[in-house]
Amino acid sequence: MMKEFEGRTEQEAIAKAIEELHIEREDFDVEIVEPVRKGLFKKSNVKIRIHFEDENDVPEEGYEVQGAQDEDELDAPINSDLEDKLLLFVATILEKMGYQGKVSISFRKARKLGLNIESDNSSIIIGRKGKNLDAIQLLANVFAGQIDPDLKVIIDSENYRMRHEEQLIRMAFKTAEQVKKSGRSRLLEPMNPYERRLVHTALNDFGGVETKSEGEGLYKQIRITNQRQ
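Residues numbered from 1 in each chain as written. Predicted model: local features only at pLDDT ≥ 70, side-chain atom pairs only at ≥ 80, totals over all residues. Heavy atoms only, no water.

A.B. asks: Quick question: what am I supposed to make of the sheet that holds strand β4 (residues 102-109) here?
C.D. replies: The strands that make up a sheet pair up through hydrogen bonds in the backbone, lying either parallel or antiparallel. Read across the sheet, three strands follow the order β4-β5-β6 without closing on themselves; strand pairing throughout is mixed. Taken across any chain shown, the strands that pair with only one partner, and hence form the sheet edges, are β4 and β6 (152-156). Pairs of neighbouring strands in the sheet enclose a mean axial angle of 25 degrees, with direction left out of account. (Pairing = 2+ DSSP bridges. Helix = DSSP H or I, 4+ residues; strand = E, 2+ residues; numbered from the N terminus. Axes fitted to C-alpha atoms, helices over the stretch in contact; angles between N-to-C directions.)

If you want it as structure tokens, here you go:
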């Protein structure tokens, strides 16, 4: 979901979002809608748009399998006009990037729409650690939000997101085992908010260790330590 906030600074606007929505800073992404502007007598406010997960919804980056037909998908309404605009928007992004690709609907759920990209250049479109795919998805959500603010768009290619999720969980468990054996804490590589939530949740029931996010900005690291007795 998305919501806008204003403040004299970006930090003040973020603080308002945290206070009003009762969520942690790591649980949402920030988009600057209007930066601060210096006028003749005073500065204008900063306006931000935050992208966050509704606690009543499924995980933000849910990895639905293309072609699956569950009850939610069958019951989800079809907005042909919005879907056509989104497909064209993402296809245009690929064209501007200089790559050919086919964009199709992979699933429909309440307040969530999945798009899949098929291309001979999928590895480049996905990018290192999925950052190109994440950037395309962010742009698609900003575009969709102007039409339907409650819609969340999930973009995937070659089942990257599912494969990445499995790899991330395996890495988290392996590192947790090392921490338990050595007694020394380990710091994982920087991750986006969804990836951090995934690791925190995966290790929540892993006995003997604790997790904590460290750092500033969107990409933070998780430190795994021995659980205090």
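A.B. asks: Got a minute to help me understand unusual backbone geometry in this structure?
C.D. replies: Backbone phi values are negative for most residues with the exception of glycine, while trans is the configuration of most peptide bonds. Residues other than glycine seldom take positive phi values, yet Arg111 does so here, at roughly 60 degrees. The exposure class of Arg111 is partly exposed, given its relative accessible area of 34%. Even without being a glycine, Asn159 presents a positive backbone phi close to 55 degrees. Secondary-structure assignment places Asn159 in the loop between β6 and α6 (160-182). Taking relative accessible area as the criterion, Asn159 reaches 37% and is therefore assigned partly exposed. (Buried < 20%, exposed > 50% of the residue type's maximum accessible area, 1.4 Å probe, protein only.)

A.B. asks: What is the right way to look at the packing of helix α3 (residues 80-97) against helix α5 (residues 131-145) in this model?
C.D. replies: As a packed pair, α3 and α5 sit with axes 10 Å apart at the nearest point and diverge in direction by 140 degrees. In terms of axis orientation, α3 runs oblique to α5. Considering the relative orientation of α3 and α5, their crossing is right-handed. Contacts between α3 and α5 pair Lys85, Leu86, Phe89, Val90, Ile93, Leu94 and Met97 from the former with Ile136, Leu139, Ala140, Phe143 and Ala144 from the latter. When its residues are assigned to classes, the contact of α3 with α5 shows eleven nonpolar, no polar and one charged. (Parallel < 35°, antiparallel > 145°, perpendicular 65-115°, else oblique. Left-handed = near helix turned anticlockwise from the far one by under 90°. Contact = heavy atoms within 4.5 Å. Nonpolar A, V, L, I, M, F, W, Y, C, P; charged D, E, K, R; others polar.)

A.B. asks: How do you make sense of the nonpolar core when you look at a structure like this?
C.D. replies: Soluble globular proteins tend to pack their nonpolar side chains together in the buried interior. Core analysis: the largest hydrophobic core is formed by 19 residues, its most contacted members being Leu86, Val90, Leu115, Ile117, Val153 and Ile155. At five residues, the largest contribution of residues to this core is made by α3. Sequence-distant contacts of Ile117, defined by excluding residues within four places in its chain, comprise Val90, Leu94, Lys102, Val103, Ser122, Ile125, Leu133, Ile155, Asp156, Ser157 and Glu158. Formed by 14 residues, the second largest nonpolar core is a distinct cluster that contains Met191, Leu198, Val199 and Ile224. (Core = buried A, V, L, I, M, F, W, Y, C linked by side-chain atoms within 4.5 Å.)

A.B. asks: Would you explain the packing of aromatic side chains in this entry?
C.D. replies: The way to describe two aromatic rings as a pair is by their centre distance and the angle between their planes. Considering all chains together, one arrives at two aromatic pairs under this definition. Considering the side-chain rings of Phe89 and Phe143, the 4.3 Å spacing of their centres and the 10 degrees angle between planes classify their relative orientation as stacked. Of the two residues, Phe89 sits in helix α3 while Phe143 sits in helix α5, which places them 54 residues apart along the sequence. Measuring from centroid to centroid gives 5.7 Å for Phe173 and Phe206, while their planes differ by 25 degrees, and the two rings are stacked. Taken together, the residues span a long stretch of sequence, with Phe173 in helix α6 and Phe206 in the loop between α7 (193-204) and β8 (209-214) at a distance of 33 residues. (Phe/Tyr/Trp six-rings, centres within 6.5 Å; stacked < 30°, edge-to-face > 60°.)

A.B. asks: Would you mind showing me how to read the pattern of salt bridges here?
C.D. replies: Pairing is possible between side chains of opposite charge, provided their charged atoms come close. Under the counting rule described, the total for this entry stands at six salt bridges. Residue Glu189 pairs with Lys129 through a salt bridge whose shortest N-O separation is 3.3 Å. Separated by 60 residues along the polypeptide, Glu189 in the loop between β7 (186-187) and α7 and Lys129 in the loop between α4 (122-126) and α5 bring together distant segments of the chain. A relative accessible area of 36% means that Lys129 is categorised as partly exposed. (Salt bridge = Lys/Arg side-chain N within 4 Å of Asp/Glu carboxyl O.)

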